[in-house]
Amino acid sequence: MPMCGREMIVELLNSYYGSTSLLNYSESEDEIQFQLPAPITDRQTASFRSQATVLNELAISHRLSLLLGRTKFGLPEDFSFAITSLESFVQSIDAVDGYDLSLHFEVLAKRRDVITGLKSNLVTKYGVESRTTTTSFNVLPPALTNFVRRQRGFMDFSEVKIGGDKSHLENVADNQFRYYPSEEDRLSDGKRVDHVPALTLIDIALWIDNKGAAYSRVSAEFLNYTDPRLTLEIERKDQNAVEFLQNGKSVAVVHL
């Protein structure tokens, strides 16, 4: 299995998180560990509407999982990663110096020796807290991705602008909302994608929940494709769950 190497980690950090010092680094076949002097902020957080700090950790986990997962397993850029589930939780630990990161990978499924399912587990430690973020992905080859886009009539997704420039949320009943997506809801690092990204759905759920910045645990299941061209029906099922539906079918559930 290819190694990412210290130089690649330094280049990645400089490209996405600005200049930062890499204090320690080690790598095995399925795990990468390194230490930074202080926490980093992912640029995706600038587009999130809620103030929940967990979103930064989710964004870091997502970025590192895709970039380093592709390298570790030799997956080309035209292979798509679709999040099927994630969980992130905080634990108290003895105080540590610096900002420690450990990213572990597990292959979940293969078809004809090609990876079709991958799990990443990112543990970050800073001060007296440790956050573990576990994410499962379906890995789709380009032929399958293009077939699905043709079925949805969305092959031209990168050229087509949808809706207005701003999304709109309506409160239609107690704990029931209607959400009209816009261009901002299908951008990933400023690029158009053919779906509403998982982190965007979590951000919307946290925004609706409106409990402030601190969430010790967040988990989510992504059950079906979320079409940015269609309205989202949103139900707050109880104090701890927000469900997203399209055409009467559940597409995602976020547990808070």
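Structure shown above.
On a predicted model such as this, the values are computed, not experimentally measured, just so you know.

J.: Break down the packing of helix α1 (residues 6–17) against helix α2 (residues 54–73) for me, citing the residues and quoting the values.
T.: With their axes 12 Å apart at the nearest point, α1 and α2 run at an angle of 140° to one another. Here α1 runs over α2; the crossing is right-handed. Only I60, R63, L64, L67, L68 and T71 of α2 make contact with α1, whose side of the interface consists of M8, I9, L12, Y16 and Y17. Taken together, the residues that form the contact of α1 with α2 break down as nine nonpolar, one polar and one charged.

J.: Describe in detail the side chain of K72, supporting the description with residues and values.
T.: Following the sequence through the fold, K72 ends up in helix α2. At 2.7 Å, the side chain of K72 forms a polar contact with the backbone oxygen of S28. Here the side chain of K72 touches E29 through a polar contact of 3.1 Å, landing on its backbone oxygen.

J.: So what's going on with the pattern of salt bridges? Residues and values would help.
T.: Close approach of charged atoms allows side chains with opposite charge to pair. Within the structure shown, the criterion is met by 17 salt bridges. R43 is the salt-bridge partner of D189, the closest N and O atoms lying 3.7 Å from each other. Taken as a pair, D189 in the loop between β7 (187–188) and β8 (191–192) and R43 in the loop between β2 (31–36) and α2 lie far apart in primary sequence, 146 residues in all. Taking relative accessible area as the criterion, D189 reaches 38% and is therefore assigned partly exposed. The closest approach of N and O atoms between E87 and R217, which form a salt bridge, is 2.4 Å. Of this pair, E87 sits in strand β3 (residues 80–111) while R217 sits in strand β9 (residues 217–222), and the two are 130 residues apart along the sequence. A network of salt bridges, in which partner residues are shared, links D42, R43, R63 and D189.

J.: Pulling in residues and values, what's your account of the packing of α2 against helix α4 (residues 198–209)?
T.: At a minimum axis distance of 11 Å, the contact between α2 and α4 shows a crossing angle of 175°. By the angle between their axes, α2 is roughly antiparallel relative to α4. Taking contact as the criterion, the partners of V54, L55, L58, A59 and H62 in α2 are, on α4, L199, I202, D203 and L206. Across the contact of α2 with α4, the residue classes tally to seven nonpolar, one polar and one charged.

J.: Lay out the packing of aromatic side chains with the relevant residues and their values.
T.: Two aromatic rings are characterised by how far apart their centres lie and by the angle between their planes. Under the defined criterion, the tally for this structure stands at four aromatic pairs. Ring geometry for F73 and F105: centres 5.7 Å apart, planes at 85°, overall edge-to-face. One end of the pair, F73, is in helix α2; the other, F105, is in strand β3, with 32 residues separating them in the sequence. The exposure class assigned to F105 is buried, which follows from its relative accessible area of 3%. Between F154 and F157, the ring centres sit 6.2 Å apart and the planes meet at 65°, which makes this aromatic pair edge-to-face. The residues F154 and F157 share a single accessibility class, namely buried. Positioned above the aromatic ring of W207, the side-chain terminus of R49 is 5.1 Å from the ring centre. Just above the ring of F154 sits the side chain of R229; from NZ or CZ to the centre is 3.9 Å.

Calculation criteria
Residues numbered from 1 in each chain as written. Predicted model: local features only at pLDDT ≥ 70, side-chain atom pairs only at ≥ 80, totals over all residues. Heavy atoms only, no water. Axes fitted to C-alpha atoms, helices over the stretch in contact; angles between N-to-C directions. Helix = DSSP H or I, 4+ residues; strand = E, 2+ residues; numbered from the N terminus. Left-handed = near helix turned anticlockwise from the far one by under 90°. Contact = heavy atoms within 4.5 Å. Nonpolar A, V, L, I, M, F, W, Y, C, P; charged D, E, K, R; others polar. Polar contact = N/O pair within 3.5 Å; in protein donor to acceptor, adjacent residues only side chain to side chain. Salt bridge = Lys/Arg side-chain N within 4 Å of Asp/Glu carboxyl O. Buried < 20%, exposed > 50% of the residue type's maximum accessible area, 1.4 Å probe, protein only. Parallel < 35°, antiparallel > 145°, perpendicular 65-115°, else oblique. Phe/Tyr/Trp six-rings, centres within 6.5 Å; stacked < 30°, edge-to-face > 60°. Lys NZ or Arg CZ within 6 Å of the ring centre and 35° of its normal.

By themselves, these figures tell us nothing about what the structure is for.
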